[in-house]
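Topology and contacts: notes
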Amino acid sequence: QVRLVESGGGLVQAGGDLRLSCAASGSIFRFNAMGWYRQAPGKQRELVARLSRGGISDYADSVKGRFTISRDNAKNTGYLQMNNLKPEDTAVYYCNIVPFIDKYWGQGTQVTVSS
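Our subject in this report is the structure included herewith. (Residues numbered from 1 in each chain as written. Predicted model: local features only at pLDDT ≥ 70, side-chain atom pairs only at ≥ 80, totals over all residues. Heavy atoms only, no water.)

**Remarks on the sheet that holds strand β7 (residues 67-72)**
- Sheet architecture is open: four strands sit in the order β1-β3-β8-β7, paired in antiparallel fashion. With partners counted over all chains shown, the strands left at the sheet margins are β1 (4-7) and β7, one partner each. Neighbour-to-neighbour, the strand axes of this sheet turn through a mean angle of 15°, independent of strand direction.
- In this sheet, strand β3 (residues 18-24) lies alongside β1 in antiparallel orientation, the contact comprising four bridges. Paired with V5 across the two strands is A23, which belongs to β3. (Pairing = 2+ DSSP bridges. Helix = DSSP H or I, 4+ residues; strand = E, 2+ residues; numbered from the N terminus. Axes fitted to C-alpha atoms, helices over the stretch in contact; angles between N-to-C directions.)

Printed below as a string of structure tokens:
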């Protein structure tokens, strides 16, 4: 049974930084690409950052240069470092593998960026 628990969200002013964490119940990110997704109110969930098994990362254009995805296989934990946050980054952030599996979704962590 895979369980993913996101944490680290909060309220931050525009230009601020946050670091999200995703604790996995097993070595799921060692054997799959890892992704951070977000869902803003009234919008579909979108993939914003992906980290391949081999360590190659790529990002949505909207976050490129500001977000950094990483993982610690020894801790079964993934991270999303978010710098220079903008109000349009406001969303619930989730982690999952890529492509995602529906039953793996956790509760997410809310990120709110004030202008």
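**Observations regarding unusual backbone geometry**
- Going from V98 to P99, the amide bond is cis rather than trans, its omega being -5°.
- Mapped onto the secondary structure, P99 falls in the loop between β9 (91-98) and β10 (109-114).
- Phi at N76 is positive, roughly 50°, even though this residue is not glycine.
- Tracing the backbone through its elements, the reader meets N76 in the loop between β7 and β8 (77-82).

**Side note on the packing of aromatic side chains**
- Inspection of the entire model under this criterion finds four aromatic pairs.
- Ring geometry for Y37 against F100: centres 6.0 Å apart, planes inclined by 85°, an arrangement best described as edge-to-face. Of this pair, Y37 sits in strand β4 (residues 33-39) while F100 sits in the loop between β9 and β10; the two residues are 63 residues apart in sequence, bridging distant segments of the chain.
- On the accessibility criterion, F100 (43% relative accessible area) is partly exposed.
- When the centroid spacing of 5.0 Å and the interplanar angle of 85° are considered together, the rings of Y37 and W105 count as edge-to-face. Within this pair, whereas Y37 is found in strand β4, its partner W105 is found in the loop between β9 and β10, the two being separated by 68 residues in sequence. The exposure classification of Y37 matches that of W105, with both residues buried.
- Taken together, the ring pairs in this structure connect Y37, Y94, F100 and W105 into an aromatic cluster.
- Just above the ring of Y79 sits the side chain of R19; from NZ or CZ to the centre is 4.0 Å. (Phe/Tyr/Trp six-rings, centres within 6.5 Å; stacked < 30°, edge-to-face > 60°. Buried < 20%, exposed > 50% of the residue type's maximum accessible area, 1.4 Å probe, protein only. Lys NZ or Arg CZ within 6 Å of the ring centre and 35° of its normal.)

**Here we look at the pairing of β4**
- Counting buried positions along β4 gives six out of seven residues, so the element sits mostly inside the fold.
- Here seven bridges tie β4 to β9, and the two strands are oriented antiparallel to one another. Bridging across to β9, A33 finds its partner in V98.
- Pairing geometry for β4 and strand β5 (residues 46-51), over five bridges, is antiparallel. Directly across from W36, in β5, lies its bridge partner A49.

**Describing the nonpolar core**
- Core analysis: the largest hydrophobic core is formed by 29 residues, its most contacted members being F29, W36, L80, M82 and Y93.
- Elements supplying a minimum of two residues to this core: β3, α1 (28-31), β4, β5, β7, β8, β9 and β10.
- Discounting chain neighbours no more than four positions away, the residues touching F29 are L4, C22, A24, M34, R71, N73, G78, C95, N96 and I97.
- Counting six residues, the second largest nonpolar core, distinct from the first, contains A33, Y37, V92 and Y94. (Core = buried A, V, L, I, M, F, W, Y, C linked by side-chain atoms within 4.5 Å. Contact = heavy atoms within 4.5 Å.)

Note that every value here comes from positions in space, so none of it alone points to a role or purpose.
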